[in-house]
Structures are given as C-alpha cells and as structure tokens.
Amino acid sequence: MDIEHGGEAALHDTSAMHLSVKTDAELAQWQSGWKTHTADWILADREWQRRVNLRQLNQQYQFDMRLAAATERANKFTMICIVIATLIGALIGGAATLFGSFLQNNPLQFQAPQQASMQQSTHSAESPRAAASR
C-alpha cells in the first residue's frame, strides 16, 4: 500500500475534530503519510500550529495566575501597612493633642540659656558694686 497516494482509507478522515483528538505521535504518523504542501499535510500542519498556540496560551494563563496571586499578596501587605500607619498617626496625633492641652493648662517656666547666663552675669556684676558701696 502506498500511503503517499492515498492507499490507506484511515488517512482520508481529515476533519479538524478527527485530527484534534489524535495524540502528538498519532498526528505525526498521520502527517508523514502525505507529501508536503498537499491539502492533508497542510491540515496536519495547522493542527500543529493550533496545539502550539494552545500550549502557549496555557503557559501564559499559568503565569498570569501566579502573577495575580503575587499581586494580591502585595496588595494585602500594603493594606495592612496603611492600616498600621493610620493607627500610629492617630495615636501620635492624640498624644500631641493631650500634651498640647497639658502645656496650656500647666505652662512650663523656663528661660533660654542666653537669658539665664546674662542674668547671672548681671547679678554677679552687681554684687561687687553693692559690696563696695556699702
């Protein structure tokens, strides 16, 4: 039987559905029975292209799913950081408000260092004069 000339009846079932259910090895065997660039060989070639595209789409889908999961984890982490930062900001703001109201009710008495040293020098300068005038 000469397969290249269509001697085998099983080779003539060339529907796309028939080719799509064949395994890679069966499709390769089926395609090898036809001369290149004949209608049946081209159908098998198109089936190979479809399978390659399908495999690439599946790989891209798997990659996209992993990327989406990683993005979701990053978004959750960011959300938790924002909540924590908001709480810390609220605590600091509340503490600053309490401290500010405390200072308004109980003002601190302090002098700047320059003013204090000037007053001390004035007192020390007056003491010898006061002592001399007595």
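Refer to the structure presented above.
Presented here is an overview of the structure given in this document. (Residues numbered from 1 in each chain as written. Predicted model: local features only at pLDDT ≥ 70, side-chain atom pairs only at ≥ 80, totals over all residues. Heavy atoms only, no water.)

## Structural notes on the packing of aromatic side chains
Applying the stated criterion across every chain yields a total of one aromatic pair. Sitting over the face of the ring of tryptophan 48, arginine 51 holds its NZ or CZ atom 5.7 Å from the ring centroid. (Phe/Tyr/Trp six-rings, centres within 6.5 Å; stacked < 30°, edge-to-face > 60°. Lys NZ or Arg CZ within 6 Å of the ring centre and 35° of its normal.)

## A look at the nonpolar core
Counting residues in each nonpolar core, the largest one holds six residues, listed as Leu19, Leu27, Trp30, Trp34, Trp41 and Ala44. Within the residue set of this core, elements represented by two or more residues are α2 (24–32) and α3 (39–105). (Core = buried A, V, L, I, M, F, W, Y, C linked by side-chain atoms within 4.5 Å. Buried < 20%, exposed > 50% of the residue type's maximum accessible area, 1.4 Å probe, protein only. Helix = DSSP H or I, 4+ residues; strand = E, 2+ residues; numbered from the N terminus.)

## Description of the pattern of salt bridges
A full pass over the atoms with the stated rule returns five salt bridges. Between arginine 51 and aspartate 24 there is a salt bridge, and its shortest N-O distance comes to 2.6 Å. With arginine 51 in helix α3 and aspartate 24 in helix α2, the pair connects residues that are 27 residues apart, well separated along the chain. Overall, the relative accessible area of 31% leaves aspartate 24 in the partly exposed class. Between glutamate 47 and arginine 50 there is a salt bridge, with the nearest N and O atoms lying 2.7 Å from each other. Residue glutamate 47 and its partner arginine 50 are both found in helix α3; the two are separated by three residues, about one turn of the helix. A relative accessible area of 5% means that glutamate 47 is categorised as buried. Salt bridges sharing common partners tie together Asp24, Glu47, Arg50, Arg51 and Arg55. (Salt bridge = Lys/Arg side-chain N within 4 Å of Asp/Glu carboxyl O.)

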